[in-house]
Amino acid sequence: MPKITIDNREIEFENGMTVMQACELANVEIPRFCYHDKLSIAGNCRMCLVEMEKSPKPIASCAMPAGEGMVIKTNTDLVKSARRGVMEFLLINHPLDCPICDQGGECDLQDQALHYGFDKSRYEENKRAVNNKHMGPLVGTIMTRCIHCTRCVRFSTEVAGVDDLGMLGRGENAEITTYLEKTIKSELSGNVIDLCPVGALTSKPYEFKARPWELKKTETIDVFDAMGSSIRIDSLGKTVLRVLPRLNEEINEEWINDKSRFAIDGLTKQRLDKPFMRKNSKFQIVDWNTALSIIVTEINNRNKNKTLALSGKLTDIETLYSAKSFLNSIGSSSYDCRYDNAQFIENQRDSYIFNSSIQKIDDADAILIIGSNPRWEATVLNARIRKAYIHNNCKIGLIGKAIDLTYTYKHLSNNIDYLNDILNDQSDFCTVLKKAKKPLIIIGTSAINFSDGKDILKVCAEIAKKYQITNHNFNGLNILQQDISRVGALDIGFYNNFFDLDYKNSLKQHIQNYKPVVFLLGLDEIDLSILQDSFVVYLGHHGDATANIADIILPIPAFPEKTSTFVNMEGRVMQTTKSYNPIGESKEEWKIFRALSDQFENKLNFNNLNELRQEIITKFIFLKEINSLPSVLLSKFGLPVKIKNRELEYNIKNFYMTDSISRSSVTMAKCSKEILDKVA
Amino acid sequence: MKHPGLINTVIKDNNDFFQWSEKNFAKIQIIIEKYPPGRQQSAVIPLLDLAQRQNKGWLNKSAIEKIAETLSMSFIRVLEVVTFYSMFNLNPVGKNYVQICRTTPCWLRGSDKLSEVAKEVTGCKIGVTSNDNQFTVVEVECLGACCNAPMVQINDDYYEDLTENNFRDLLNNLKTNKSIKPGSQIGRQTSDPKRNN
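Cut-offs and rules
- Residues numbered from 1 in each chain as written.
- Chains lettered and ligands numbered in written order.
- Predicted model: local features only at pLDDT ≥ 70, side-chain atom pairs only at ≥ 80, totals over all residues.
- Heavy atoms only, no water.
- Helix = DSSP H or I, 4+ residues; strand = E, 2+ residues; numbered from the N terminus.
- Buried < 20%, exposed > 50% of the residue type's maximum accessible area, 1.4 Å probe, protein only.
- Contact = heavy atoms within 4.5 Å.
- Areas by Shrake-Rupley, 256 points an atom, 1.4 Å probe, with all protein chains shown as cover.
- Lys, Arg positive; Asp, Glu negative; His and termini not counted.
- Charge placed at Lys NZ, Arg CZ, Asp CG, Glu CD.
- Buried area = accessible area lost by both parts, 1.4 Å probe.
- Salt bridge = Lys/Arg side-chain N within 4 Å of Asp/Glu carboxyl O.
- Nonpolar A, V, L, I, M, F, W, Y, C, P; charged D, E, K, R; others polar.
- Pairing = 2+ DSSP bridges.
- Axes fitted to C-alpha atoms, helices over the stretch in contact; angles between N-to-C directions.
- Patch = residues over 30% accessible without salt bridge, like charges linked within 9 Å, V, L, I, M, F, W, Y side chains within 5 Å.
- Domains from an automatic or database assignment.
- Polar contact = N/O pair within 3.5 Å; in protein donor to acceptor, adjacent residues only side chain to side chain.
- Phe/Tyr/Trp six-rings, centres within 6.5 Å; stacked < 30°, edge-to-face > 60°.
- Arc of directions from axis to C-beta.
- Parallel < 35°, antiparallel > 145°, perpendicular 65-115°, else oblique.
- Core = buried A, V, L, I, M, F, W, Y, C linked by side-chain atoms within 4.5 Å.
- Expected span 1.5 Å × (residues − 1).

(A) Representation of the overall build of chain B in the model. Regarding its fold elements, chain B presents seven helices and five strands. When its helices and strands are written in sequence order, chain B yields α-α-α-α-β-α-α-β-β-β-α-β. Expressed as lengths along the three principal axes of its C-alpha atoms, the size of chain B is roughly 60 × 35 × 30 Å. Buried residues in chain B amount to 47% of all 197 residues. Of the contacts formed within chain B by residues at least 6 apart in sequence, a portion of 66% connects residues at least 24 apart. Total accessible area on chain B is roughly 10800 Å²; 50% of this is exposed by carbon and sulfur atoms. Side chains of chain B give 24 positive and 21 negative charges; the mean places of these two sets differ by 1 Å.

Below is the structure:
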């Protein structure tokens, strides 16, 4: 390996590294503003100047490729004065409004001015002022603070794939803006706030709310899509003030989508904080004991062994397991998680997980997307596909309605029967798949949520086999789940084959025949008319549409208020951390089912969360390994059949409002109005 | 008082509809073909120039968007180029776009006086278009003809070796639509040494 000398120490580095990266290897800190390792190199802030032997002037280390035998010095007087000079120039037009700036306390400019700057100003002229720009309901701007690092411009162009931001003018007239101040139309726009090294781009919902040092920081997992992105929740008392991404190269890199970041104001709106009971079509507050005893009476009065439990988008493993155990203990096995009717193949875990892992998308050189809008179903994953498109020249084909995915793709068909053509080598895209070295298939739940779902999976598995997408040590057949709850629910068997193929009608039949007690575990995506005649117990944290028709409402904590286990779309087990105590009288679901089971013959065995988790792990050993990828599974789904013609419809209609939390969020309502032009 | 080429705001409420003229449309194809396929964005500067000439010396919203469309670029990328170069005007200019050089050599040779003359003859302030749309007078930095200082640029041509008197005549001739001669106004061949008689 080539060698470079940094501050009299010889360091080995890899070819293609820059001087700055080599310095990082040597643990030498180089100050920077414009450089960011996930973005292209701009080299315009000049803060990273270092001294290079044989060079008459200091060099910008972020843009200079490291070379064999280079001698770099980072602590000489020349470097110090260069940094001080750059800092003085940057501060010439930067306002001294740190006391009222949202970035105060976590500002790169503030920190670096302290370490590398000058203690006084020699500038006596007027500072320039720049008009603030409108960028939409999420990104607030105080443009006078901008130091023109262009990180935001590079992010939106390179990662988000929307050419909305740009730098107009030059020199003193330079300003960052969107074209004619239109809204940034990206689901990743919130990330420019994190990228901004100063307080020029700020979070509008978080504006003037708190100082970073007074917030409680909880490292946890995002639940708004099935990726399970690593996030940090900053809370003050019982309010979540902001959500920030954490670095996780395997899943979300450094980004999260705008829903995960901004839907949190929904956590304080429309909350259910006490148990309610319906009496004469009005809700009455009741205490927990009364509520539970009513439920017990109803279970006994109705078909006890047909009692039903249906799970929703955000239901965690603890809830699913305790609900299943409770139902089993009273002799019922009627439970299901597939409210969207998405099909899978029983006992084949690879028929419902993202087998290749998210990180492997980076290497892909051909991707066939079937019935999925990854931009809305898993935004950060879509940014990965875009990355493969840019860096690997990845060819992408889409079966489904034509949509803007932020990259160029070949639109193959609107109809699912096009899969027959691909299987029989009658499509242009077949040549792409044949030539590709690392092809992938991504199947959205919109493709498999009909009675032919299992057939589609079988055909896709056959395609994967034919075009070498799966081989003995790699499985490139991926199912893109939309809910964080789904993979875990299927893993622990929270389904009943009775509800297979046609969820809605079989559910209707079940309820009409037995008129049972129905536990809705935070499920809001259900046709309310089929719940008539049944006794509905709604376990939820938000008073959404379903809560209105419930007979009993039991309040449960929302995701930051409890610690839960989820399995993400890759089959990776994840645990969330509690940020603050639950609101009102809400109680975890497993406690409710534990308490209910006391009133019946077979009691549940666990008495606390630890015992519950132990029991789950004993039964499902694969849930023991937290945060590790499952081993490669090979798809053997059975013989393919010919698929009938059906037009595909994406099942997410509004990205900003997909679950009870985001539907209650004011910020998300503003977004859907301003960005998607939809009235909530 | 602002140079029309150095502003960042696009005139929005303009009803002007920009459409390539037939002649220019043919030219576009030739310009784009100069660049490798898929690199048509490289033609943005020649196309902006072409559009500006067609549109009486300035670019409106419609023209910028038309160019973006022609080259399959986003609007903001075209606007970045427009605002970077002072050659592209975002405000309407008069028939004669007079740019007076005020950088040191011209200034030492009396460019201040030229500005005064221009204001007097055209009757408008620096950076403003005259009421009859005949003139827009702006002060600019070095135009690179210091050897014949002081000088001004009017539309595409340089007028050099100016004095208060010959500049006044020049502007008056322009005003009355008389023909004027570009280059040195004292009969110098390029920048030959001037004889002091």
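(B) Seen up close, the interface of chain B and chain A. Every contact between the two is made by 18 residues of chain B and, on the other side, 16 residues of chain A. Roughly 1400 Å² of surface becomes buried between chain B and chain A when both sides are summed, with 57% attributable to carbon and sulfur atoms. Its largest share of buried area at the contact with chain A, chain B owes to B:N8, B:I76 and B:R77, together 38% of the area lost on that side. Remark: the boundary between chain B and chain A carries one salt bridge. Here A:D163 ties to B:R77 by a salt bridge, and the two come within 3.0 Å at their closest N and O atoms. For the side of chain B that touches chain A, the elements supplying multiple residues, two or more each, are α3 (61-70) and α4 (75-84) of chain B. In the side of chain B that touches chain A, the residues fall into eight nonpolar, four polar and six charged.

(C) Looking closely at the sheet that holds strand β3 (residues 152-154) of chain B. All names here are of chain B. Strand order in this open sheet of five strands is β2-β1-β3-β4-β5, and the pairing throughout is mixed. Looking at strand neighbours, the two that pair on one side only are β2 (135-140) and β5 (183-184), the edges of this open sheet. In this structure, strand β1 (residues 96-101) lies alongside β2, joined through six bridges in parallel fashion. Bridge pairing in β2 places N96 opposite F135. Lying over the sheet, helix α6 (residues 111-122) contacts β1, β2 and β3, oriented at roughly 155 degrees with respect to β1.

(D) A look at the environment of A:G476. All names here are of chain A. Position of G476 relative to the elements: it lies in the loop between β22 (474-475) and β23 (477-480). With a relative accessible area of 0%, G476 lands in the buried category. In this structure G476 touches S356, P439, L440, I441, I469 and T470, once residues within four positions along its chain are discounted.

(E) Focus on a positive patch on the surface. Residue and element names in this part refer to chain A. Taken together, K204, K209, K269 and K670 make up a surface patch of like positive charges. Relative to the assigned elements, K204 resides in the loop between β9 (201-203) and β10 (216-221). According to the relative accessible area criterion, K204 is partly exposed, its value standing at 32%.

(F) Quick look at the domain arrangement of chain A. Residues and elements named next belong to chain A. As far as domains go, chain A holds domain 1 (1-91), domain 2 (95-101 + 115-213), domain 3 (274-341 + 484-621) and domain 4 (347-481 + 630-650). Here domain 1 and domain 2 have C-alpha centroids that lie 25 Å from each other. Tallying the contact residues gives 20 residues for domain 1 and 16 residues for domain 2. Summed over the shared surface of domain 1 and domain 2, the number is one salt bridge. Linking R122 and E88 is a salt bridge whose minimum nitrogen-to-oxygen distance equals 2.8 Å. Here domain 1 is connected to domain 2 by eight residue pairs in polar contact (both at pLDDT 80 or more). For the side of domain 1 that touches domain 2, the class distribution of residues is eleven nonpolar, three polar and six charged.

(G) Just the domain arrangement of chain B, in detail. As far as domains go, chain B holds domain 1 (4-84) and domain 2 (96-184). The gap between the C-alpha centroids of domain 1 of chain B and domain 2 of chain B is 28 Å.

(H) Spatial organisation of the packing of aromatic side chains. All names here are of chain A. Per the stated rule, a full pass over the model turns up 22 aromatic pairs over all chains. An angle of 40 degrees between the planes, with centres 5.7 Å apart, marks the rings of F326 and F593 as tilted. Of the two residues, F326 sits in helix α8 (residues 317-329) while F593 sits in helix α17 (residues 589-597), which places them 267 residues apart along the sequence. Assigned by exposure class, F326 and F593 land together as buried. Ring geometry for F655 and Y656: centres 5.0 Å apart, planes at 80 degrees, overall edge-to-face.

(I) Focus on helix α20 (residues 666-674) of chain A. All names here are of chain A. Of the positions making up α20, those classed as buried are T667, M668, C671 and S672. For α20, the buried positions fall inside an angular range of 130 degrees around the axis, keeping them on one side. The backbone nitrogen of T667 lies 3.3 Å from a side-chain oxygen of the residue at the head of α20, namely S665.

(J) A look at the packing of helix α4 (residues 151-160) of chain A against helix α10 (residues 379-391) of chain A. All names here are of chain A. Across the interface, α4 lies against α10 with an axial gap of 9 Å and an inter-helix angle of 85 degrees. With respect to their mutual orientation, α4 and α10 come out roughly perpendicular. Residue-level inspection shows T157, E158, V159 and A160 of α4 in contact with α10, the latter providing A383, R386 and I390. Looking at the contact of α4 with α10 residue by residue, the class counts come to four nonpolar, one polar and two charged.

(K) Looking closely at unusual backbone geometry. B:A149 connects to B:P150 through a cis peptide bond whose omega is -10 degrees. Within the fold, B:P150 resides in the loop between β2 and β3. Phi is positive for A:S357, close to 75 degrees, though the residue is something other than glycine. By relative accessible area, A:S357 is classed as buried at 5%. Even without a glycine there, the phi angle at A:Q468 is positive, about 60 degrees. The topology assignment puts A:Q468 in the loop between α13 (453-466) and β21 (470-471).

(L) Representation of the side chain of A:S156 within the structure. Within the fold, A:S156 resides in helix α4. The contacts of A:S156, once residues within four sequence positions are left out, are A:G161, A:V162 and A:L165.

(M) Representation of the nonpolar core in the model. Residue and element names in this part refer to chain A. Residues I4, I72, F155, I367, L381, I385 and M569 are the most contacted members of the largest nonpolar core, which totals 115 residues. Those residues in contact with F155, other than ones at most four positions away along the chain, are L39, A160, L188, N191, V192, L195 and W255. V296, F519, L539 and F593 belong to the second largest nonpolar core, which has 49 residues in total.

(N) How the structure looks around helix α7 (residues 164-175) of chain B. Residue and element names in this part refer to chain B. Here α7 contains twelve residues, and its C-alpha end-to-end distance of 16 Å stays within 8% of the 16 Å for a straight helix at 1.5 Å per residue. Every buried residue of α7 is accounted for by N166, F167, L170, L171 and L174. One side of α7 carries all its buried residues, which in axial view fall inside an arc of 135 degrees. Those residues of α7 that are buried are in contact with β1, α6, β2, β3 and β4 (157-160).

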